[in-house]
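As a plain string of letters, each chain reads:
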Amino acid sequence: MTVEINNSQDKIEVVPEIERLIEECVSETLKMEGVDIPVEVSVLLVDDHQIHQLNSQYRGVDAPTDVLSFPMVEFESNGQGRDLRAVLNAARHGDQAVLLGDIVLSLERAQQQAREYGHSFFREVGYLVVHGMLHLLGYDHEQEEQRLRMRQKEERVMEALGLQRDV
């Protein structure tokens, strides 16, 4: 597994612990989904202005958001009823890693949401990375059934990382 982390914002300091957290979230999500072949994921850390521009350009939504995912592998049925291993093996070229895609994360928005939800900045960053990873693996939340399935997976990964919500 390769996780390429690029920081293009200057509002929040990116300490080594944040980079380790991102790598752990990617790794644990892959583990929970049974991905055992080499994959590559790119994570771009931005501010609200940058993610607003990307959200407008790629989704037609003129507002900032917390995380965007740009999958490179195509899945049918939005992650439902498909063989993940078969899809990833089909996307593989020889011994090269499968490029899963890009996650764009607004650290500025993550900080705001952590305050709003009353939990740590690390928990919020972790949650957004896991959410983005599940999108890269073909999951979506457009319909209620999909949303519930994705939320269960998010919570399982977060619990395994020790980042579950405080009760």
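Residues numbered from 1 in each chain as written. Predicted model: local features only at pLDDT ≥ 70, side-chain atom pairs only at ≥ 80, totals over all residues. Heavy atoms only, no water.

1. Some points on the packing of helix α5 (residues 121-136) against helix α6 (residues 144-160)
Point 1. Interaxial distance between α5 and α6 falls to 10 Å at its minimum, and their mutual angle equals 130°. Classed by the angle they form, the pair α5 and α6 counts as oblique. For α5 against α6, the interelement crossing comes out right-handed. Contact with α5, carried on its side by Arg123, Gly126, Tyr127, Val130, His131, Leu134 and His135, involves Met150, Arg151, Lys153, Glu154, Glu155, Val157 and Met158 of α6 and no other residues of that element.
Point 2. In terms of residue class, the contact of α5 with α6 is built from six nonpolar, three polar and five charged. (Axes fitted to C-alpha atoms, helices over the stretch in contact; angles between N-to-C directions. Helix = DSSP H or I, 4+ residues; strand = E, 2+ residues; numbered from the N terminus. Parallel < 35°, antiparallel > 145°, perpendicular 65-115°, else oblique. Left-handed = near helix turned anticlockwise from the far one by under 90°. Contact = heavy atoms within 4.5 Å. Nonpolar A, V, L, I, M, F, W, Y, C, P; charged D, E, K, R; others polar.)

2. Observations regarding the packing of aromatic side chains
Point 1. By the definition in use, this model includes two aromatic pairs.
Point 2. A ring pair is formed by Tyr58 and Phe70, whose centres lie 5.2 Å apart and whose planes are at 70°; its orientation type is edge-to-face. Placement of the pair is Tyr58 in helix α2 (residues 48-59) and Phe70 in strand β3 (residues 67-71), with a sequence separation of twelve residues.
Point 3. Overall, Tyr58 belongs to the exposed group, its relative accessible area being 51%.
Point 4. With a centroid separation of 6.4 Å and an interplanar angle of 70°, the aromatic rings of Phe121 and Phe122 are classed as edge-to-face. (Phe/Tyr/Trp six-rings, centres within 6.5 Å; stacked < 30°, edge-to-face > 60°. Buried < 20%, exposed > 50% of the residue type's maximum accessible area, 1.4 Å probe, protein only.)

3. Points about the nonpolar core
Among soluble globular proteins, nonpolar side chains are generally buried collectively.
Point 1. Counting 42 residues, the largest nonpolar core has Ile22, Leu88, Leu100, Val125 and Met133 as the members making the most contacts within it.
Point 2. Counting only elements with at least two residues in this core, the list comes to β1 (2-7), α1 (16-32), β2 (39-46), α3 (84-91), β4 (98-106), α4 (107-117), α5 and α6.
Point 3. Per-element tally for this core: the top contributor is α5, with nine residues.
Point 4. In contact with Val125, not counting residues within four places along its chain, are Leu21, Ile22, Leu105, Leu107 and Ala110. (Core = buried A, V, L, I, M, F, W, Y, C linked by side-chain atoms within 4.5 Å.)

4. What to know about the packing of α4 against α5
Point 1. In the contact formed by α4 and α5, the axes pass within 8 Å of each other and the chain directions differ by 120°. Taken together, α4 and α5 sit at an angle that is classed as oblique. For α4 against α5, the interelement crossing comes out right-handed. In this structure, α4 uses Leu107, Ala110, Gln111, Gln113, Ala114 and Tyr117 to contact α5, whose residues at the interface are Phe121, Glu124, Val125 and Leu128.
Point 2. Per-class residue counts for the contact of α4 with α5 are seven nonpolar, two polar and one charged.

5. Structural notes on the sheet that holds β3
The pairing of strands in a sheet happens through backbone hydrogen bonds and is either parallel or antiparallel.
Point 1. Across the sheet, four strands lie side by side as β1-β2-β4-β3; this open sheet has mixed pairing. Only two strands of the sheet have a single neighbouring strand rather than two, namely β1 and β3. Neighbour-to-neighbour, the strand axes of the sheet open up by a mean angle of 15°, direction not taken into account.
Point 2. Sheet strands in contact with α4 are β2 and β4, and its direction is about 60° off that of β4. (Pairing = 2+ DSSP bridges.)

6. Some details on α1
Each α-helix turn comprises 3.6 residues. Residues three or four places apart therefore point the same way.
Point 1. Across its 17 residues, α1 extends 24 Å between first and last C-alpha, which sits within 8% of the 24 Å expected from 1.5 Å per residue.
Point 2. Inspection of α1 places Ile18, Leu21, Ile22, Cys25, Val26, Glu28, Thr29 and Leu30 among the buried residues, and these make up the whole buried set.
Point 3. Close packing links the buried residues of α1 with β1, β2, β4, α5 and α6. (Expected span 1.5 Å × (residues − 1).)

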